Amino acid sequence: MITKTKFLAVSGLMVALGWTLSGPITSRLHQHSPSSSAAWLFGARDLSELVRYADVIAVAKHTVTYPGRVAVDDSGQDDLPFELNDFEIRLGMKGARASDHLLVERAGGITADGDQVNIDADGGDFETAATYLLFLKQQEDGSFHYQINDQARFQVVDGRLAGVEEHDPVSRTLNGKTLREAIDLISAELRD
């Protein structure tokens, strides 16, 4: 008969061994899966912080949206489609040049079952031919970019910026500004 102390010691040893061995196996299984950072974990306290965090800051025209990958959860029950949005850079302020094209991946679109998934927390679908001021991060594998969060997207409407979220600190700084005023503010942050 095994004592309670021996049982707990052996059980603890088995759990520790399992965790130790599962790490390398799991990392190899996910090595070739598409991945991206959790964009919504970052929230800038001000424009300066958003400018520092962004890999790309650009004024860009949306040209076309393509279907992208479909991420399936571990249970195989739910899937989340992604779409790829092509942007032609009109003014690259950081990490891009005028006339470059960037693909921005965002959640939403058509699932493998043909269901439409609409996500609007980030501002929703991009409007084709519309101009945007974007703050982007590059995907870990370098193929695509993603919108940092809802603070990182401003549509240019009649020469003025319209952000997604009215009440955050970045939107309070940029919402309603002319594009020229916003460029000047961002340029000043980039010089600091």
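Student: Explain the side chain of Gln151 to me, please; I cannot follow it from the model alone.
Tutor: Structurally, Gln151 is set in the loop between strand E7 (145-147) and strand E8 (153-157). Overall, Gln151 belongs to the buried group, its relative accessible area being 4%. Here Ala44 takes part through its backbone nitrogen, which lies 2.8 Å from a polar atom of the side chain of Gln151. Once residues lying within four places of it in the same chain are set aside, the contact partners of Gln151 are Gly43, Ala44, Leu50, Asp168, Pro169 and Val170.

Student: Quick question: what am I supposed to make of the nonpolar core here?
Tutor: Across soluble globular proteins, you tend to see nonpolar side chains buried next to one another. Ranked by internal contacts, the top residues of the largest apolar core, which has 22 residues, are Ile57, Leu133, Phe135, Leu161, Leu174 and Ile186. Ranked by the residues each element gives to this core, the list is headed by helix H4 (residues 179-191), at 4 residues. Membership of the second largest hydrophobic core comes to 13 residues, among which are Phe87, Ile89, Phe126 and Ala130.

Student: Hey, could you run me through the pattern of salt bridges in this one?
Tutor: Charged atoms that come close allow side chains of opposite charge to pair. One pass over the structure, following the stated rule, counts 8 salt bridges. The shortest N-O distance in the salt bridge between Asp122 and Arg106 comes to 2.9 Å. Linking Asp122 in the loop between strand E5 (116-117) and strand E6 (131-138) with Arg106 in strand E3 (residues 101-107), this pair joins segments that are 16 residues apart in sequence. For the pair shown, Asp122 and Arg106 are each scored as buried. Arg106 is the salt-bridge partner of Asp125, the closest N and O atoms lying 3.1 Å from each other. Of this pair, Asp125 sits in the loop between E5 and E6 while Arg106 sits in strand E3; the two residues are 19 residues apart in sequence, bridging distant segments of the chain. What emerges from the salt-bridge pattern is a single network uniting Glu83, Arg106, Asp122 and Asp125.

Cut-offs applied
- Residues numbered from 1 in each chain as written.
- Predicted model: local features only at pLDDT ≥ 70, side-chain atom pairs only at ≥ 80, totals over all residues.
- Heavy atoms only, no water.
- Helix = DSSP H or I, 4+ residues; strand = E, 2+ residues; numbered from the N terminus.
- Buried < 20%, exposed > 50% of the residue type's maximum accessible area, 1.4 Å probe, protein only.
- Polar contact = N/O pair within 3.5 Å; in protein donor to acceptor, adjacent residues only side chain to side chain.
- Contact = heavy atoms within 4.5 Å.
- Core = buried A, V, L, I, M, F, W, Y, C linked by side-chain atoms within 4.5 Å.
- Salt bridge = Lys/Arg side-chain N within 4 Å of Asp/Glu carboxyl O.

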